[in-house]
Amino acid sequence: AQSVAQPEDQVNVAEGNPLTVKCTYSVSGNPYLFWYVQYPNRGLQFLLKYITGDNLVKGSYGFEAEFNKSQTSFHLKKPSALVSDSALYFCAVRDVTNAGKSTFGDGTTLTVKP
Amino acid sequence: DGGITQSPKYLFRKEGQNVTLSCEQNLNHDAMYWYRQDPGQGLRLIYYSQIVNDFQKGDIAEGYSVSREKKESFPLTVTSAQKNPTAFYLCASSGVQGVYNQPQHFGDGTRLSIL
């Protein structure tokens, strides 16, 4: 069975500082990994994905993520946080051996303070 | 603009009542999904459909039912058998059947509460 863990319920950073939101995964085959962001009372919005190739993936709004196969991790990063980045972030994995079903982490609330 | 429309945004259910949540997409996507979101928990899959006239149970299907008569529509019925229906319900879609490297597109959700 596939699973995703986001070990931090909450991450707090100061505006202008780098941010990291952590994600580890477990899947039987090759993983397709995704990050989504959710603002209050809204649906999830896609940020970036890792399918294959370069371990550093760049996405929307200046976010990037680093895929590490040996550590089964896919951490979300941004060099300089903005107050407007404050939101709920979800990591997800899709496994082609499981009918493409997605499994989501429990989410990490990012708060960026001015 | 292409997207997913969920309605209503807020819904209230009385005891013993079935309610239906609407989900419509104009993205020409084959696959559609229903998730339930509770505070502090991730998204849990209720039902999914990879093609018209076919759907499968997800992890928490008890007390819910769906239909997929048209490609663009995937309504979810919350039946009276679902004893704890208060939650935020999200509908999603993704592209071609059998292609899993694409992200899911989400609607803006329906918040269901008990009267």
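Residues numbered from 1 in each chain as written. Chains lettered and ligands numbered in written order. Predicted model: local features only at pLDDT ≥ 70, side-chain atom pairs only at ≥ 80, totals over all residues. Heavy atoms only, no water.

### Quick notes on the pairing of strand β6 (residues 44-50) of chain A
Residue and element names in this part refer to chain A.
Phase 1: Relative to β6, strand β5 (residues 31-38) runs antiparallel, the two sharing 6 bridges. Looking across to β6, one finds that Val37 is bridged to Gln45.
Phase 2: Taken together, β5 and the strand that follows it, β6, pair antiparallel across an intervening segment of 5 residues, in which Asn41 is found at a positive phi of about 60°. (Pairing = 2+ DSSP bridges. Helix = DSSP H or I, 4+ residues; strand = E, 2+ residues; numbered from the N terminus.)

### Notes on the packing of aromatic side chains
Residue and element names in this part refer to chain B.
Phase 1: Under the defined criterion, the tally for this structure stands at 16 aromatic pairs over all chains.
Phase 2: For the pair Tyr33 and Tyr48, a centre-to-centre distance of 6.4 Å together with 15° between the ring planes defines the contact as stacked. You can see Tyr33 sitting in strand β4 (residues 31-37) and its partner Tyr48 sitting in strand β5 (residues 43-51), a full 15 residues away along the chain. This pair shows no difference in class: Tyr33 is buried, exactly as Tyr48 is.
Phase 3: Ring geometry for Tyr64 and Tyr89: centres 5.9 Å apart, planes at 65°, overall edge-to-face. With Tyr64 in strand β7 (residues 64-66) and Tyr89 in strand β9 (residues 87-94), this pair connects stretches of sequence that are 25 residues apart. (Phe/Tyr/Trp six-rings, centres within 6.5 Å; stacked < 30°, edge-to-face > 60°. Buried < 20%, exposed > 50% of the residue type's maximum accessible area, 1.4 Å probe, protein only.)

### Here we look at the sheet that holds strand β1 (residues 4-7) of chain B
Strand pairing in a sheet relies on backbone hydrogen bonds. The paired strands run either parallel or antiparallel.
Residue and element names in this part refer to chain B.
Phase 1: Spatially, β1-β3-β8-β7 is the arrangement adopted by the 4 strands of the open sheet, whose pairing is antiparallel. The sheet is open, and its two borders are formed by β1 and β7, each paired with just one other strand. Averaged over all pairs of adjacent strands, the angle between strand axes in this sheet comes to 20°, irrespective of strand direction.
Phase 2: As paired strands, β1 and strand β3 (residues 19-25) are joined by 4 bridges and run antiparallel to one another. Looking across to β3, one finds that Ser7 is bridged to Ser22. (Axes fitted to C-alpha atoms, helices over the stretch in contact; angles between N-to-C directions.)

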